[in-house]
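Summary of the model geometry
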Amino acid sequence: MNSRRTFIKQAGLAAGAALLLPSFAFDKATKNVGLQLYSLRKELPSDVKGVIEKVAKAGYTEVETYGFSNGKFWGLTPKEFLTLLKDNGLTAPSGHYGMDDFLKTGSTDKLKADIDSAAAIGGKYFTIAGAHVDVSKGSDGFKKVAEGFNKVAEIAKSSGLKFAYHNHDFEFKKLGDTTGYDIYLTETDKKLVNFELDLYWAVRSGNDPLALFKKYPGRFPMWHVKDMDKAKPEWNTEVGKGSIDFKSIFAQAKLSGMKNFFVEHETNYNPNPIESIKTSCDYIKANLI
């Protein structure tokens, strides 16, 4: 698993988000509720088949993978893992991978192996979970990574996949009158580079997802959906129990360009994992889609 960059700063949704008029314009794809399997990172490696069955029973129809290593997903080849997904009525439109080796050495060997694995399980998106940035170089550091995004996106396209980048919160740190995230969005080819907006980390950084949708319409075909604990914002909680106004956000799905979203419970969250992912799924189905 790629390292998860968690840079903590307390924040909340910008005022006025709830004033946007609802316009629930979902296509068939967004009726599906997805789960980033990292949410079950403690359970998954020891019982892949059992955990995948429980994910389906909890109400999910899509998953997002992580942890592809040595040619396998938790001991299963891509073909075996795809069969397991199909047996449980699941698809995996996205998976989390890394590109730091490519940025450092220029070698595409590991990159192509990862892309091939994503394609082999029926993926649509090759998603980078986080990329190393030389922050000492300021804007230039982010521009260098953005250049890498364009290159990797071209390689992914050749295998029939779309490229996406998943944020944490350090990308939103101010760099003069811009941010690293703005640089990624403006310095990349919008026809090739997509973004999986982690709503929690955007909010934790003091940003309003709705403002991002307005500024960059259509650039966010995927979301990570995890709520912010009301008492301890550095903690996650089940969707619907925290402080993020998901109803206003989901109402602007069309503006965002959202096609798929994935519930995620991250490292700062330790509930009963299976019960919690079901609670989040139930809330989303009853209140958001």
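Residues numbered from 1 in each chain as written. Predicted model: local features only at pLDDT ≥ 70, side-chain atom pairs only at ≥ 80, totals over all residues. Heavy atoms only, no water.

1. A look at the pattern of salt bridges
Counted according to the given criterion, the structure contains eight salt bridges. The salt bridge partner of Lys 226 is Asp 198, with a shortest N-O separation of 2.4 Å. With Lys 226 in the loop between β9 (222–225) and β10 (227–228) and Asp 198 in strand β8 (residues 193–198), this residue pair connects regions lying 28 residues apart in the sequence. By relative accessible area, Lys 226 is classed as buried at 0%. For the salt bridge of Glu 266 with Lys 226, the shortest nitrogen-to-oxygen distance reads 3.0 Å. Here Lys 226 lies in the loop between β9 and β10 and Glu 266 lies in the loop between β12 (260–263) and α11 (273–287), a separation of 40 residues in the sequence. Here Glu 266 matches Lys 226 in class, with each residue buried. In this structure, a network of salt bridges that share partners links the residues Asp 198, Lys 226, Glu 264 and Glu 266. (Salt bridge = Lys/Arg side-chain N within 4 Å of Asp/Glu carboxyl O. Helix = DSSP H or I, 4+ residues; strand = E, 2+ residues; numbered from the N terminus. Buried < 20%, exposed > 50% of the residue type's maximum accessible area, 1.4 Å probe, protein only.)

2. A short note on the packing of aromatic side chains
Two descriptors summarise a pair of aromatic rings, namely the distance from one centre to the other and the angle between the planes of the rings. Summed over all chains, the structure comprises 22 aromatic pairs. Between Phe 73 and Trp 74, the ring centres sit 6.1 Å apart and the planes meet at 45°, which makes this aromatic pair tilted. Note on accessibility: Phe 73 and Trp 74 belong to one class, buried. Ring plane angle 45° and centroid distance 4.6 Å describe the contact between Phe 172 and Tyr 181, whose orientation is recorded as tilted. Accessibility expressed as a relative area gives 8% for Phe 172, which makes it buried. Judged by its relative accessible area of 0%, Tyr 181 falls in the buried class. Among the aromatic residues, those joined into a cluster by ring pairs are Tyr 38, Tyr 66, Phe 68, Phe 73, Trp 74, Phe 81, Tyr 97 and Phe 126. Against the face of Tyr 38 rests Arg 41, its NZ or CZ located 4.6 Å from the ring centre. (Phe/Tyr/Trp six-rings, centres within 6.5 Å; stacked < 30°, edge-to-face > 60°. Lys NZ or Arg CZ within 6 Å of the ring centre and 35° of its normal.)

3. Some thoughts on the nonpolar core
Counting 81 residues, the largest nonpolar core has Phe 81, Phe 126 and Trp 223 as the members making the most contacts within it. Counting residues per element, this core draws most heavily on helix α5 (residues 139–158), at eight residues. In this view, Trp 223 contacts Glu 196, Leu 197, Leu 199, Phe 213, Ile 249, Phe 250, Ala 253, Ser 256, Met 258, Asn 260, Phe 261 and Phe 262; residues no more than four positions away in its chain are not counted. (Core = buried A, V, L, I, M, F, W, Y, C linked by side-chain atoms within 4.5 Å. Contact = heavy atoms within 4.5 Å.)

Everything listed here is a matter of geometry and, on its own, says nothing about what the molecule does.
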